[in-house]
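Remarks on the overall topology
This is what each chain is made of:
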Amino acid sequence: QRQMCIRDRAWAIPWNQSGAPALLQELLAGGIKARSAIKSFSAQTTNGLVAFAPGTLVIQAGIQTEEALLLSHEILAKAALNGIEIRSLNSTMTVAGPDLGAKHFKIIQPINPLLLGGSGTSSYGVGAQWFVLDSRLGIPTTMINQQNLGDINLWDYTHLLMADGEYDDLKNSRKSMIARWIKDGGILVAINRAAVWAEELCFEHPQDKCQPAEPKPAEERPAGARAYADFADDNAKQVIGGAIVASNLDLSHPLAFGYQRNDLPLFRRGTTLLTPSTNAYSTPVRYTSDPLLAGFVGQERLDAFRGQPAVIAEKKGEGLVVRFANTPVFRGFWRGTERLYINALYFGQVIDSTELPEFTVPPKPETPRQQ
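Residues numbered from 1 in each chain as written. Predicted model: local features only at pLDDT ≥ 70, side-chain atom pairs only at ≥ 80, totals over all residues. Heavy atoms only, no water.

In total, this model carries 13 salt bridges according to the counting rule given. The partner of Asp290 in a salt bridge is Arg306, and the shortest N-O contact between them spans 3.9 Å. Linking Asp290 in strand β14 (residues 285–295) with Arg306 in the loop between α8 (299–305) and β15 (309–316), this pair joins segments that are 16 residues apart in sequence. On the accessibility criterion, Asp290 (56% relative accessible area) is exposed. A single network of salt bridges, built from pairs that share partners, joins Arg136, Arg335 and Glu338. (Salt bridge = Lys/Arg side-chain N within 4 Å of Asp/Glu carboxyl O. Helix = DSSP H or I, 4+ residues; strand = E, 2+ residues; numbered from the N terminus. Buried < 20%, exposed > 50% of the residue type's maximum accessible area, 1.4 Å probe, protein only.)

Okay, here's the thing in structure tokens:
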């Protein structure tokens, strides 16, 4: 690429690059206004006509302050030297798709996440999220024990991050506080058992929809004695210690921005099942009907999650609840799904409400009787 010029009208950064999220965070931390493309577009660059996918970051020179413009040029030039693809655009008018000033290019606001940890939470789960935030993205992150949630002002934070764990000890007043915060624009990201806990915030009648299945009465359980030595094998069929499973992505959803194929292997550990959303547009990731790719999953457990939602992103008021059936950042090495988590952080704010208006057919007028 040629040396970047401060007289360029805009710069486009494809989001499918591993270094793009850290670059976005650096730009936002510097007070630079960044937009994300919600739809694909094609634009004339200094190297010819280029097609850009949804999620592409766009830095427009004309909307920056003079200080931010100078800083953006410095940050982008350094990123380009480090191998990140950055395209210089010579116009805010596009050849195909929406123009750069259209509503389909949404401003990404800076994020300030709060990570819950402490007693009851998975130290592995909390640590994996902290690693991504701190080492991958360079985000200074506040971490508190879940028992101290009432001691802070939740409205000072944009995201509440809940790893796998037990949250039954959170008082009802805390649940109400979280629900109000979400409706005011907060984004809750809940993983594994935290996602099941969050379902109480997603449905109007959680007692009907979110209660775990009742155990079968003794008379309905399979009869017959089992050998003591069979316990280990029988138990293995009821747990999922770690398997690779197949899922399908909705590539049009902001949580899938940056992916180029709609098939995505997931690391599945644990038996969490998400209560499906009643909104048909809010499930960006779903297990396939034949999900097992590698590892072992007992037949009963495998049948339970065939075709079921793996990730649900549900609007509530101005905010969002993102539920992951399994951690997308497992121990910091499962990079294929890390982007889902990062997209929830930055692009959760651009997800629009998808509630269809109610439609009723008016009754037909009665035909006058013939005399």
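The description of two helices packed together rests on the angle between their axes and the distance between the axes. Between helix α1 (residues 20–29) and helix α2 (residues 66–81), whose axes approach to 10 Å, the crossing angle comes to 165°. By the angle between their axes, α1 is roughly antiparallel relative to α2. For the pair α1 and α2, the crossing hand works out as right-handed. Within the contact between the two elements, α1 uses Leu23, Glu26 and Leu27 and α2 uses Ile75, Leu76, Lys78 and Ala79. Considering only residue class, the contact of α1 with α2 consists of 5 nonpolar, no polar and 2 charged. (Axes fitted to C-alpha atoms, helices over the stretch in contact; angles between N-to-C directions. Parallel < 35°, antiparallel > 145°, perpendicular 65-115°, else oblique. Left-handed = near helix turned anticlockwise from the far one by under 90°. Contact = heavy atoms within 4.5 Å. Nonpolar A, V, L, I, M, F, W, Y, C, P; charged D, E, K, R; others polar.)

Take unusual backbone geometry next. Positive phi, close to 55°, is recorded for Asn192, a residue that is not glycine. Inspection of the secondary structure assignment puts Asn192 in the loop between β11 (187–191) and α5 (193–202). Residue classification places Asn192 among the buried positions, given a relative accessible area of 7%.

If you trace the backbone, Glu314 turns up in strand β15. Within the structure, Glu314 has its side chain in polar contact with the side chain of Ser277 (distance 2.5 Å). Of the polar contacts made by the side chain of Glu314, one reaches the side chain of Arg323; its length is 3.4 Å. (Polar contact = N/O pair within 3.5 Å; in protein donor to acceptor, adjacent residues only side chain to side chain.)

Next up on the list: the confidence of the model for the chain. Taken over all residues, the pLDDT of the chain has a mean of 88, while the share at 70 or more is 90%. Per-residue pLDDT stays below 50 along residues 205–219; that stretch engages in 10 contacts with residues further than four places along the chain or on separate chains. (pLDDT = per-residue confidence, 0-100.)

Counted by the stated rule, this structure contains 3 cavities of 30 Å³ or more. Space inside the largest cavity adds up to approximately 90 Å³. The set of elements that each furnish at least two residues to the lining of the largest cavity consists of β13 (263–268) and β15. (1 Å grid on protein atoms, 1.4 Å probe; cavity = no way out; pocket = protein on both sides within 12 Å on 5 of 7 lines; lining within 4 Å. Points joined across faces, edges and corners; volume = space filled by probe spheres on them.)

Further remarks concern a nonpolar patch on the surface. The grouping of Trp130, Phe131 and Met143 at the surface amounts to a nonpolar patch, some 270 Å² of accessible area in total. Relative to the assigned elements, Phe131 resides in helix α3 (residues 123–136). (Patch = residues over 30% accessible without salt bridge, like charges linked within 9 Å, V, L, I, M, F, W, Y side chains within 5 Å. Areas by Shrake-Rupley, 256 points an atom, 1.4 Å probe, with all protein chains shown as cover.)

Moving on: the environment of Pro110. Counting through the fold element by element, Pro110 comes out in the loop between β7 (105–107) and β8 (113–117). As for Pro110 and Ala34, which are separated by 76 residues in sequence, their C-alpha atoms are 9.6 Å apart. Once residues within four sequence positions are removed from consideration, Pro110 is found in contact with Leu28 and Thr158.

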